[in-house]
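# Reading the structure
The chain contents come next:
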Amino acid sequence: DFARLRTQFLNNVSHEVRTPLNSIMALSGMLLQGVSGKLTAEQTAQLEVIQRNGATILSLFERILDLAQLQAEKLAVTITKVSLTDVL
């Protein structure tokens, strides 16, 4: 069935991308913490770009997987009323 194959494909691709990306995020985070010594301002700025863009990509994959699970009816959604004032 197409939905099942799509979900399986997305899970596989996500895993294959997230695994190396998590390593990149961890290693760049360690460099930012100074584990290899003091960084120049430019190196720090470049590592911050890596961290920011990596987080964006990870978030995108999570949303894609959530959407696939919703479509496969494997993720439950609960609609709840909230106060916008409380949220803000």
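Preceding this paragraph is the structure being described.
Residues numbered from 1 in each chain as written. Predicted model: local features only at pLDDT ≥ 70, side-chain atom pairs only at ≥ 80, totals over all residues. Heavy atoms only, no water.

Moving on, we get to the overall build of the chain. Within the chain, the regular secondary structure consists of three helices and zero strands. Going from N to C terminus, the chain has its helices and strands arranged as α-α-α. A compact globule built from 88 residues should have a C-alpha radius of gyration of about 12 Å, whereas the chain, at 18 Å, is more than 25% larger. Expressed as lengths along the three principal axes of its C-alpha atoms, the size of the chain is roughly 50 × 40 × 15 Å. Classification of the 88 residues of the chain by burial places 14% in the buried group. (Helix = DSSP H or I, 4+ residues; strand = E, 2+ residues; numbered from the N terminus. Rg over C-alpha atoms; globule rule 2.2 N^0.38 Å. Buried < 20%, exposed > 50% of the residue type's maximum accessible area, 1.4 Å probe, protein only.)

Let us now look at the packing of helix H1 (residues 2-32) against helix H2 (residues 41-71). The contact between H1 and H2 brings their axes to 9 Å, and the two run at 160 degrees. The angle between H1 and H2 falls in the class roughly antiparallel. In terms of crossing hand, the pair formed by H1 and H2 is left-handed. Residues that form the contact of H1 with H2 fall into these classes: 17 nonpolar, ten polar and four charged. (Axes fitted to C-alpha atoms, helices over the stretch in contact; angles between N-to-C directions. Parallel < 35°, antiparallel > 145°, perpendicular 65-115°, else oblique. Left-handed = near helix turned anticlockwise from the far one by under 90°. Nonpolar A, V, L, I, M, F, W, Y, C, P; charged D, E, K, R; others polar.)

The end-to-end C-alpha distance of H1, which contains 31 residues, comes to 43 Å, matching closely the 45 Å that a straight helix rising 1.5 Å per residue would cover. Burial in H1 covers these residues: Thr7, Ser14, Leu21, Met25, Ser28 and Gly29. Considering only its buried residues, H1 is in contact with H2. Just beyond H1, the residue with positive phi is Gly34, at close to 85 degrees. (Expected span 1.5 Å × (residues − 1). Contact = heavy atoms within 4.5 Å.)

This part covers a nonpolar patch on the surface. There is a patch of nonpolar side chains on the surface, built from Leu27, Met30, Leu31 and Val35 and spanning about 350 Å² of accessible area. Within the element layout of this structure, Met30 appears in helix H1. (Patch = residues over 30% accessible without salt bridge, like charges linked within 9 Å, V, L, I, M, F, W, Y side chains within 5 Å. Areas by Shrake-Rupley, 256 points an atom, 1.4 Å probe, with all protein chains shown as cover. Salt bridge = Lys/Arg side-chain N within 4 Å of Asp/Glu carboxyl O.)

A few words now on the pattern of salt bridges. Considering all chains together, one arrives at one salt bridge under this definition. Between Arg18 and Glu62 there is a salt bridge, with its nearest N and O atoms 2.5 Å apart. Of the two residues, Arg18 sits in helix H1 while Glu62 sits in helix H2, which places them 44 residues apart along the sequence. On the basis of relative accessible area, Arg18 is assigned to the partly exposed category, the value being 23%. On the basis of relative accessibility, which here comes to 35%, the residue Glu62 falls in the partly exposed class.

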